[in-house]
Amino acid sequence: MKRKPPQVDPVQDAPRTSAPRRSAAGLPAVAHSLRVAQRQMGTRRTALTLLRVNQADGFDCPGCAWPDPKRRHTAEFCENGAKAVADEATLRRVTPAFFAEHPVSELARRSGYWLGQQGRLTRPMYLAEGSDHYEPIDWERALDIVAEELRALDSPDEALFYTSGRTSNEAAFLYQLFARSFGTNNLPDCSNLCHESSGAALTETLGVGKGSVLLEDLHRADLIIVAGQNPGTNHPRMLSALEKAKKGGARIITVNPLPEAGLERFDNPQSLRGLTGGGTRLTDLFLQIRLGGDQALFRELCRRVLAAEGGVDEDFVREHTHGFEEFAAAARAVDPDEVLRATGLDPADIDRAAELVLASERTVVCWAMGLTQHRHAVPTIREIVNLLLLRGAVGRPGAGVCPVRGHSNVQGDRTMGIVEKPAAALLDALEKEFGVPMPREHGLDVVNAIRALRDGKAKVFFAMGGNFVAASPDTEVTEAAMRRARLTVHVSTKLNRSHCVTGARALILPTLGRTERDVQASGEQFVTVEDSMGIVHASRGRLAPASDHLLSEPAIVCRLARRVLGADHPVPWEEFEADYAAIRDRIARVVPGFEDFNARVAHPGGFALPHAPRDERRFPTATGKANFTAAPLEWPRVPPGRLLLQTLRSHDQYNTTIHGLDDRYRGIEGGRRVVFVHPDDAAGLGLPDGSYADLTSEWEDGRERTAPGFRVVHYPTARGCAAAYFPETNVLVPLDATDAVSNTPASKSVVIRLTPTEGPRPASGK
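Below or above, wherever it landed, is the structure these notes cover. Since this is a predicted model, take the numbers as computed values, not measurements. (Residues numbered from 1 in each chain as written. Predicted model: local features only at pLDDT ≥ 70, side-chain atom pairs only at ≥ 80, totals over all residues. Heavy atoms only, no water.)

### Section: the environment of Asp 662
Going by this rule: Secondary structure is summarised from DSSP: a helix means a run of H or I of at least four residues, a strand means a run of E of at least two, and numbering begins at the N terminus for each. Throughout, a contact is declared for two residues whenever any of their heavy atoms are within 4.5 Å. Here a polar contact is taken to be a pair of N or O atoms separated by no more than 3.5 Å, where protein atoms must pair a possible hydrogen donor with a possible acceptor and residues adjacent in sequence count only if both atoms sit in side chains.
Structurally, Asp 662 is set in the loop between strand S27 (657-658) and strand S28 (668-669). For the pair formed by Asp 662 and Thr 17, sequence separation is 645 residues and the distance between their alpha carbons is 9.7 Å. Residues within four places of Asp 662 in sequence aside, it is in contact with Ser 650, His 651, Asp 652, Ile 668, Glu 669 and Gly 670. At 2.7 Å, the side chain of Asp 662 forms a polar contact with the backbone nitrogen of Gly 670.

The structure is reproduced here in structure tokens:
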């Protein structure tokens, strides 16, 4: 039975509040998961679908990239994973009749939550120039329109090929091969918005831009530092790994401006004890750091290690590292008073953190976007590496770096070549394999792609998944830039805001989801993904497709490539569409670590990609060793009467997909336009709890960016700091406020002022 989607956009701007929770998961998470799943899918479909999530013969959850344990539970999913699956496997449908009823101008005023709740897209849709309604179009004509626009460009570099991290390895490999065969490296990716800083820092210091630990290393660690991350909402299955580590004797330090329920106590829903409220306390030491103070904290911990007798693993430093003397001089010179100003921490807490570091032989540091989205993000992550190198904690079981990715294959996309600055070795391998010349000039990342659209230098925007408009910074600038394009194309499963902010012409191309069966000319297919720890495994959907008019992502790329590049092109696009095993055979010959791909991925659980620092203590850097760095100490300064804002997710949210209007762990119900402010800061600004304010960011360009009508919630965040949900506050993030190395938007350190206002504003698309 098809579920009728909501047709009324609820009022979202008058939320109710209660005290934040002190524990995560447990019976409430189970109940909420099932309630959401049944509402979207019905009882039978819920059971059939959820029991296949993250199973060896099932499909990879689209909700995050956390790795699967070797021994899997029957219900190997979390609350937010269940919501992500239900969102895709919903019985609700968006048909041509929906678009006939709702003009684009109306859809643009709807909230992202409302758009997503309408259901799965079922037909290719076309927005003609000057029209206000999408109309159905057949696949042949839709792909012809894209091909015509691409061939009409003055240069291939006037096209942008964006990728979301949900794209499979097979689709990503084909997509980058098509873009490069067309003649451009313009492959902006969602990594540019999240973990680009991690990749840049780790490549420079360790030689591999990925984490160096496996799941078993967390279980074996003495000390786990979780910095700038909220696993309870963003990677809930990580809590099980932390619980197992804790039971094995590990200590956990949490470094975050906000207290998060999941890191206080975890009520494991896979155990009777967890279901009855007898959870595990995870955090041993909570360092409630000021936003952007992490580099200073890790630099101070390095200073303490250098000063402690036996603190430095001298054999490791001598044999495996470069640049120690310059780094050590910078670390010894750090001013402890500046560290206290930058971090806002109590000296006794820093003392305790240093004690735990020095007592640990096996230390893992985990982080996410709380560290990667600052103007000094790359130096901060380098400082984490410095600390681990001092202790010899890279290439040792139970120790290493652990950047925790979001999208389920965002890391795999990069491995497959979705990168705007490709290594020469990749281009050489592609040319050798396919006999097609590859472009050598670097392409555009997300921020530079927006600039190119804004300046009229890019004219066609093609997105393989994602919600580019809502995910990107500086919303007004981004939307104006998109509207300058000649053609915008989105390969999507669900309706989102990017479909409402279009170029002169627009196409929506509906695709299969992870949960759905993919049958091509050679039979039923499967795809592969790479998790956050470099494990590659298969993903097989089992549900019937939401519509007979859906194509898989590989099929879309192959059919478009044949139209654009010609039937006599050396790449066998038709063969690739018919049989994904043929794609994997070519990946095996092009991408290191994928040798004998088809045979190895057939093994339940897949296989681990090689990682030289972890496996061999070999560091493929420019110096041939792991590199210490000695960057100047940086932290954001905020003028009096202003606060430092971080954008973040609610618990009912996955990236820009809004599953609901609650944030249960933070005590928010029925709305999203809230700003969390410490009671003392709010009192100093004359903002009572429950009052309303407009948020205005201040940036060196002098232009004011305002997000109106936010309810002020007095909350125990770090002093001088505030927090609010994205994408509603992306409008406040200046396009040019980025890390100097990675060009990642600084969404976690936005200087704002709060101006009192009358009350809630009407719900809107922004």
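After presenting the structure, the write-up continues.
### Some points on the sheet that holds strand S15 (residues 400-403)
What counts is decided by this rule: One requirement defines pairing of two strands: DSSP has to find at least two bridges between them. Axis lines are fitted to C-alpha atoms, over the contacting stretch for helices. Their N-to-C directions set the angle, which ranges from 0 to 180 degrees.
One open sheet holds the five strands; their spatial order is S12-S9-S8-S14-S15, and the pairing between them is parallel. Edge strands, defined here as strands with exactly one partner in the open sheet, are strand S12 (285-287) and S15. With strand direction ignored, the average angle separating the axes of adjacent strands in the sheet is 15°. By the bridge criterion, five bridges tie strand S8 (residues 223-227) to strand S14 (residues 363-367) in an arrangement that is parallel. Paired with Val 226 across the bridge in S14 is Cys 366. Helix H21 (residues 377-390) contacts S14 and S15 of the sheet and is inclined by roughly 170° relative to S14.

### Section: the side chain of His 611
Just so we agree on the cut-off: Type-normalised accessible area, obtained with a 1.4 Å probe on protein chains alone, sets the label of each residue: buried when under 20%, exposed when over 50%, and partly exposed for intermediate values.
Its place among the elements puts His 611 in the loop between strand S23 (607-608) and helix H31 (612-616). Take His 611: its relative accessible area is 4%, and that puts it in the buried class.

### Digging into the packing of aromatic side chains
Our working definition: Pairing of aromatic rings covers Phe, Tyr and Trp, the last through its six-membered ring, and needs centres within 6.5 Å; plane angles under 30 degrees mean stacked, over 60 mean edge-to-face, and all others mean tilted. To sit over a ring, a charge needs its Lys NZ or Arg CZ within 6 Å of the ring centre and within 35 degrees of the ring normal.
Taken as a whole and judged by the stated rule, the model has 22 aromatic pairs. Measuring from centroid to centroid gives 4.9 Å for Phe 594 and Phe 597, while their planes differ by 70°, and the two rings are edge-to-face. You'll find Phe 594 and Phe 597 in the same group, each marked buried. Site record: aromatic cluster; members linked through ring pairs are Phe 161, Tyr 175, Phe 178, Phe 182 and Phe 462. Across the ring face of Phe 526, the terminal group of Arg 584 is positioned such that the distance to the ring centre comes to 4.0 Å. Between the NZ or CZ atom of Arg 637 and the centre of the ring of Trp 635, over which it lies, the distance is 3.8 Å.

### Observations regarding the packing of helix H15 (residues 294-307) against helix H17 (residues 324-332)
Each pair of packed helices gets described by two things: the angle between the helix axes and the distance between those axes. How we decide: Every angle not falling under 35 degrees, over 145, or within 65 to 115 is termed oblique; those three ranges are roughly parallel, roughly antiparallel and roughly perpendicular. Residues are grouped as follows: nonpolar covers Ala, Val, Leu, Ile, Met, Phe, Trp, Tyr, Cys and Pro; charged covers Asp, Glu, Lys and Arg; every other residue, Gly included, is treated as polar.
Contact pair H15 / H17: the axes reach a minimum separation of 9 Å and the direction vectors enclose 105°. The orientation of H15 relative to H17 falls into the category roughly perpendicular. For the pair H15 and H17, the contacting residues are Arg 299, Cys 302, Arg 303 and Leu 306 in the first and Phe 324, Phe 327, Ala 328, Ala 330, Ala 331 and Arg 332 in the second. Taken together, the residues of the contact of H15 with H17 sort by class into seven nonpolar, no polar and three charged.

### Quick word on the sheet that holds S23
Strand order across the open sheet formed by three strands is S21-S22-S23, with antiparallel pairing between neighbours. Across the chains shown, the open sheet's two edge strands, defined by having one partner strand only, are strand S21 (527-530) and S23. Taken strand by strand, helix H8 (residues 169-182) contacts S21 and strand S22 (535-539), and its axis lies near 90° from that of S21.

### Structural notes on the pattern of salt bridges
Note the cut-off: Any carboxyl oxygen of Asp or Glu within 4 Å of a side-chain nitrogen of Lys or Arg constitutes a salt bridge here.
Under the definition given, this model contains 57 salt bridges. One salt bridge in this structure joins Arg 486 and Glu 149, with 3.2 Å as the shortest N-O distance. Here Arg 486 is found in the loop between helix H26 (475-482) and strand S17 (487-492), whereas its partner Glu 149 is found in helix H7 (residues 139-151), with 337 residues between them in sequence. Classification of Glu 149 as buried rests on a relative accessible area of 9%. Among the salt bridges present, the one from Glu 479 reaches Arg 497, with a minimum N-O distance of 2.9 Å. A residue pair is termed long-range when its members are at least 10 positions apart, and Glu 479 in helix H26 and Arg 497 in the loop between S17 and strand S18 (505-510) qualify at 18 residues. Considered together, Glu 479 and Arg 497 belong to a single accessibility category, that of buried residues.

### Considering the nonpolar core
Defined as follows: Nonpolar cores were defined as sets of buried Ala, Val, Leu, Ile, Met, Phe, Trp, Tyr and Cys residues, with membership established by side-chain atoms within 4.5 Å.
By size, the foremost hydrophobic cluster in this structure holds 66 residues, and its most contacted members are Leu 150, Phe 161, Phe 173, Phe 178, Phe 462, Leu 509 and Trp 573. For Leu 509, the residues in contact, after removing those within four places along its chain, are Pro 124, Trp 139, Ala 142, Leu 143, Phe 462, Val 489, His 490, Val 491, Ser 492 and Ile 556. Counting residues in each nonpolar core, the second largest holds 54 residues, with Val 255, Phe 316, Leu 356 and Phe 619 among its members.

### Comments concerning the pairing of strand S33 (residues 750-757)
Direction of pairing for strand S25 (residues 643-648) relative to S33: antiparallel, over a ladder of three bridges. In the sheet register, Leu 645 faces S33, and the bridge partner there is Val 750. As defined by bridge partners, strand S30 (residues 692-697) adjoins S33 across six bridges and the pair is classed as antiparallel. Within the sheet, the bridge partner assigned to Ala 693 lies in S33 and is Pro 756.

### Description of unusual backbone geometry
The omega torsion across Phe 726 and Pro 727 is 10°, close enough to zero to call that bond cis. As for its position among the elements, Pro 727 is in the loop between strand S32 (721-725) and S33. Here the phi dihedral of Arg 617 falls at roughly 50°; this positive angle occurs in a residue that is not glycine. Looking at the secondary structure, you find Arg 617 in the loop between H31 and strand S24 (626-627). With a phi close to 65°, Asn 743 is a non-glycine residue in the positive phi region. In this structure, Asn 743 sits in the loop between S32 and S33.

### A few points about the environment of Leu 661
Within the fold, Leu 661 resides in the loop between S27 and S28. Counting along the chain gives ten residues from Leu 661 to His 651, while the straight-line C-alpha distance between them is 9.0 Å.

### Some details on the side chain of Gln 229
Checked against the element boundaries, Gln 229 lands in the loop between S8 and helix H11 (231-234). On the basis of relative accessible area, Gln 229 is assigned to the buried category, the value being 3%. In this structure the side chain of Gln 229 is engaged in a polar contact, spanning 3.3 Å, whose partner is the side chain of His 235. With residues near it in sequence (within four places) discarded, Gln 229 still touches His 235, Met 238, Asn 256, Leu 263, Cys 366, Trp 367, Ala 368 and Val 404.

### Comments concerning the state of the cysteines
The term disulfide refers to a covalent linkage connecting the sulfur atoms of a pair of cysteines. The test is simple: Here, the term disulfide refers to a pair of cysteine sulfur atoms separated by no more than 2.5 Å.
Considering all chains together, one arrives at zero disulfides under this definition. Cysteine Cys 402 shares no disulfide, and the gap to the nearest cysteine sulfur, in Cys 366, comes to 3.7 Å. Look at Cys 402 and you get buried, because its relative accessible area is 4%.

### Looking at the packing of H7 against helix H27 (residues 553-565)
Which entries qualify depends on this criterion: By convention, the crossing between two helices is left-handed when the near helix turns anticlockwise from the far helix through less than a right angle, and right-handed when the turn is clockwise.
The contact between H7 and H27 brings their axes to 9 Å, and the two run at 55°. If you check the angle between H7 and H27, you find them oblique. The handedness of the crossing between H7 and H27 is right-handed. Contact with H7, carried on its side by Trp 139, Glu 140, Leu 143, Asp 144, Val 146, Ala 147, Leu 150 and Arg 151, involves Ile 556, Arg 559, Leu 560, Arg 563 and Val 564 of H27 and no other residues of that element. When its residues are assigned to classes, the contact of H7 with H27 shows eight nonpolar, no polar and five charged.

### Concerning helix H1 (residues 26-41)
How we decide: An expected span of 1.5 Å times one less than the residue number is assigned to each helix. The directions from the helix axis to the C-beta atoms form the arc being described.
Under the 1.5 Å per step criterion, the end-to-end length of H1 is 23 Å for 16 residues, consistent within 8% with the ideal 22 Å. Within H1 the residues assigned to the buried category are Gly 26, Ala 29, His 32, Ser 33, Val 36, Ala 37, Gln 40 and Met 41. Projected down its long axis, H1 shows its buried positions confined to an angular sector of 130°, all on one face. Note on H1: the residue one or two positions beyond its end, Gly 42, has a positive phi of about 85°.

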